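As a plain string of letters, each chain reads:
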Amino acid sequence: MTEKDITAEEFQEAPPRVNEWRRFLRVFLQRKIVIFGLIVLFLLVFSAIFANLLAPYDPFRGILADSLEAPSGKYLLGTDIQGRDTLSRLIFGTRTALMVGFVTVGIAGVVGVTLGLIAGYFGGIPSMIIMRIMDALMGFPMLILAMLFAAVLGGGIQNVVIALSIATVPGYARVMNGLTMSIKENDYIMAEQAMGSSNSRVMLRHVLPNAVPPMIVLVTLQLGGIIMAEAALSFLGIGIKPPGAAWGAMVNDGYRYLSSNPTLSFAPGIAIMLVVFAFNMVGDGLRDALDPRLRGIL
Amino acid sequence: MTTYIIRRLIIALIILIIVSLIVFFAIRLLPGDPLIIFLGQQATQGGISQAELEHLRELYGLNDPIMVQYGNWFWGILHGDLGTSLYYHEDVGVLMGDRFPLTLHLGALAFIINIVVGVLMGVAAAIRRGTWIDSVTTTLANIGVCIPVFWLAILMIYLFGLKLSWLPIAGYTSPFKDFWLNTQQIVMPVFCMAITMMATTARLSRSSMLEVTRQDYIRTAWSKGLRERNIIMRHALKNGLIPVITLLGIGLGMVFAGSVFVETIFAIPGVGRLLVTSIFAQDYVVIQSGTLVIATIIILSNLLVDISYGWLDPRIRYG
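Residues numbered from 1 in each chain as written. Chains lettered and ligands numbered in written order. Predicted model: local features only at pLDDT ≥ 70, side-chain atom pairs only at ≥ 80, totals over all residues.

J.: Whenever I open this one, the nonpolar core confuses me. Can you help?
T.: Soluble globular proteins tend to pack their nonpolar side chains together in the buried interior. Membership of the largest hydrophobic core comes to 166 residues, with the highest contact counts inside it found for Ala146(A) and Ala153(B). With 16 residues, helix α10 (residues 199-236) of chain A is the largest single contributor of residues to this core. Each of two domains, domain 1 (2-78) and domain 2 (100-312) of chain B, supplies a minimum of three residues to this core. Look past the residues within four positions of Ala153(B) in its chain and what remains in contact with it is Met188(B), Cys192(B), Phe261(B), Val262(B), Ile265(B) and Phe266(B). (Core = buried A, V, L, I, M, F, W, Y, C linked by C-beta atoms within 7 Å. Buried ≥ 20, exposed ≤ 12 C-beta atoms within 10 Å, placed from the backbone. Helix = DSSP H or I, 4+ residues; strand = E, 2+ residues; numbered from the N terminus. Domains from an automatic or database assignment. Contact = placed C-beta atoms within 7 Å.)

Take a look at the structure:
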């Protein structure tokens, strides 16, 4: 037997190569509800991008003569007191919701991951300081903390994003801190350190990439919560200011005409539910596909 | 165990101090002079001279360095002085004391319903995994966490208040004055407050029970020929429900957050509504002390949860 034959034999005994990407897709798309969530998200992003083309009417300027119309062929979901088409406002509301969601997650994610990475990697005093501040922020119910900052900063889309970022940073920091501490224990980290790599290199090249899958899951699951919180702030009147189209504010506006025009309140609420549901389901699916061990943790 | 408790206590104390700093400095970000806001009506009604303003500024300590102001405020809080509301012109302690029992009443009921229904659903789904019970529970729980509380409240008002006229749509009467009316009034608020919690509890107890029923000692119990009821009640539940304790802490936060909406919509004069009114009245004293009180309650109850957790599951303490 030649040497070549042995290697061929060994090669055959090696486990079959599984395409990682294909395996991911198979697990991810296994559950119908995840596919449903994906479709909803796709439609939402689509209507947010093409809101101008999709909306049948101007969402900000209504026709006063058509004020408080019931749902009909002309206005599929009716109109509000200013004669603005509810469907058009819903479609434009997608923009607000998704923008607040993605920007908040971006800011809070970057800040939270950085803080958690530093705290988890160095331990000791930096960890003590960072994590105690995060614990303090987590002492508030997320919504009440966001309310506090939104009230202080004074509403508007920019301030809502800031308030929600402050309220969600501790979640990312805490998870990242835990992840970093466990990744740090691996031999390859020790090997890298022994080779004389700088701390920042180890952190960015080795710890961070290994924390990406769980963070993607966390971000997706959090998006729903953030959109819900934005709706809640806008409902209270300390979020997105009129005439901006925000679903939460629409629920509140419609509340006054509940007995005559219930769709005004009902429709935006269903939109909020759908978005949150879709993000939660896609998040669950991602978790199962990327890292099933996270079940029950995230 | 003692060292564990002491360590937790010290950490909780540090966190509380940071919380007070966050609240205090967040309020100082408020655009505008708190004194002008305070004097709002008087100032518009006419003359307050610059000298008087200066005098008041001195009186309220607004000329002191910020750390001194913080120190004075914190010192007052330690002595039970939460400050005087700018809007109600009343002591914040008294204001909150009047409203707290209402929030507690709703919150406690919602919490009990949440624990009973949520745990039952979660456990049933776990021990009947893969059956219709499991899918119904999981679906309900998945929908439950997505429902905006304020929207559900409006939906219920529409259905049970306006269309069916079964329940009053707003208000709160003391249960000692008219128990039946009170019960009717709180049905919807309590349900709205409980819904998100219930869904969370069901999900958590389901996954925790699934985890436990996979353990070796449960298999041993099965192979001993024990009946299912015994295995679940005597062996699985004890360990399976430990993580549910953490919900005591989370639930409290949900109660306060929920009270903000439920009390606003159903016109119940509780702590949540007080916070919202104060935000609109720019009553920074109430916002400041109110959020501090809420955070303190939550942090202290989380401390209790952590300690009882460490006591119930000794592995935690060494973790």
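There is more to say after this.
J.: Help me understand the domain arrangement of chain B in this model?
T.: How big an interface is tends to be expressed through the accessible area that disappears when the partners come together. All names here are of chain B. The domain architecture assigned to chain B consists of domain 1 (2-78) and domain 2 (100-312). Centre-to-centre, using C-alpha coordinates, domain 1 lies 34 Å away from domain 2. On the side of domain 2, 14 residues touch domain 1, which itself brings 14 residues to the contact. Taken together, the elements giving at least two residues each to the side of domain 1 that touches domain 2 come down to α1 (2-28) and α2 (34-45).

J.: Where do I start with the environment of Asp85(A) in this structure?
T.: All names here are of chain A. Inspection of the secondary structure puts Asp-85 in the loop between α4 (51-54) and α5 (86-122). The sequence separation of Asp-85 and Glu-69 amounts to 16 residues, and the corresponding C-alpha distance is 8.9 Å. Once you skip the residues sitting within four places of it in the chain, Asp-85 turns out to touch Pro-56, Tyr-57, Tyr-75 and Thr-79.

J.: Would you mind going over the interface of chain B and chain A with me for this structure?
T.: The interface is formed by 39 residues belonging to chain B together with 38 residues belonging to chain A. Counting only elements with at least two residues in the side of chain B that touches chain A, the list comes to α1, α6 (132-144), α7 (149-163), α8 (179-213), α11 (246-265), α12 (271-281) and α13 (284-312) of chain B.

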